[in-house]
Amino acid sequence: MTINLSIESLVDILSIVISTFLALHFLTLWKGNRKANLLLGLFMLQCAIGVFVTQWESFFHDKINPSLFLIPITSPFALMPILYFYATYLTGESKEKRRKRRWILIPLAAEVLLRATFFFSANAMGLDREFYWHYIYWTNYISIPFSLLILVLMIGLIKRHNNNLLNLFSSLEDKKLNWLRALVFIHLFLMESGLLMIAWLP
């Protein structure tokens, strides 16, 4: 079997390596905010897994059982909740407020349960290749507006954090989390672009 690597594929492979390295770094980092480090490590790991699965699909689309793409180790509903809770630890959000936001984990739990059910019961349920591709397509599609909602919540979280800083510090440049806000807006752009692309698909 011959695998032809494009520049895009090489970039994706490089991103997998870098994301995995960063994930291991933050998951094993005990200094500073330990919980924030763990969440950042999980975020990077989910990024690596997501790109890896995409490359796996492109290389072996017609050569392996598509149920393997439903191994319950990732979900399109995982990335944004992890990033949101990471932001809550960076901004010092109270435990009570974090507890009230746990509802954003419900779609993730439900989707992972569905993946596990379909993965372990594929033969018994008689699921074919077409079913899996439809499942992956629709879960990715439905996850986009959900992710947009989480990103909007993050914008509000960062805005409240920055407003609180005005009463505490005279120099704010290193405390306003501008890099995180930029990351949120980049994801917003990508999510909206994804919705537009899907809407124009025949």
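Residues numbered from 1 in each chain as written. Predicted model: local features only at pLDDT ≥ 70, side-chain atom pairs only at ≥ 80, totals over all residues. Heavy atoms only, no water.

Enquirer: Looking at this structure, I do not really get helix H5 (residues 106-120). What am I missing?
Expert: Owing to its 3.6 residues per turn, the α-helix aligns residues three or four sequence positions apart on the same side. End to end, H5 covers 21 Å across 15 residues, agreeing with the expected 21 Å (1.5 Å per residue, within 8%). Along H5, the positions that sit buried rather than exposed are Leu108, Glu111, Arg115, Ala116 and Phe118. (Helix = DSSP H or I, 4+ residues; strand = E, 2+ residues; numbered from the N terminus. Expected span 1.5 Å × (residues − 1). Buried < 20%, exposed > 50% of the residue type's maximum accessible area, 1.4 Å probe, protein only.)

Enquirer: Any chance you could explain the pattern of salt bridges here in plain terms?
Expert: Close approach of charged atoms lets side chains of opposite charge pair. Tallying each qualifying case throughout the model produces 3 salt bridges. Among the salt bridges present, the one from Glu93 reaches Arg160, with a minimum N-O distance of 3.5 Å. You can see Glu93 sitting in the loop between helix H3 (79-91) and helix H4 (95-100) and its partner Arg160 sitting in helix H7 (residues 129-165), a full 67 residues away along the chain. Between Glu96 and Lys100 there is a salt bridge, with the nearest N and O atoms lying 3.8 Å from each other. Here Lys100 and Glu96 lie together in helix H4, a separation of 4 residues that amounts to about one turn. (Salt bridge = Lys/Arg side-chain N within 4 Å of Asp/Glu carboxyl O.)

Enquirer: Just checking my understanding: could you explain the packing of aromatic side chains for this structure?
Expert: Pairs of aromatic rings are described using the distance from one ring centre to the other and the angle between the two planes. Applying the stated criterion to the full structure yields 10 aromatic pairs. Taken together, a centroid distance of 5.2 Å and an interplanar angle of 85 degrees make the contact between Tyr137 and Trp138 edge-to-face. Look at Tyr137 and you get partly exposed, because its relative accessible area is 33%. An aromatic cluster is present here, built from Phe118, Phe131, Tyr132 and Tyr135 joined pairwise through their rings. In this structure, Arg34 packs its charged tip against the face of Trp30, placed 3.8 Å from the ring centre. When the ring centre of Tyr89 is taken as origin, the NZ or CZ atom of Arg98, which lies over that ring, is 4.0 Å away. (Phe/Tyr/Trp six-rings, centres within 6.5 Å; stacked < 30°, edge-to-face > 60°. Lys NZ or Arg CZ within 6 Å of the ring centre and 35° of its normal.)

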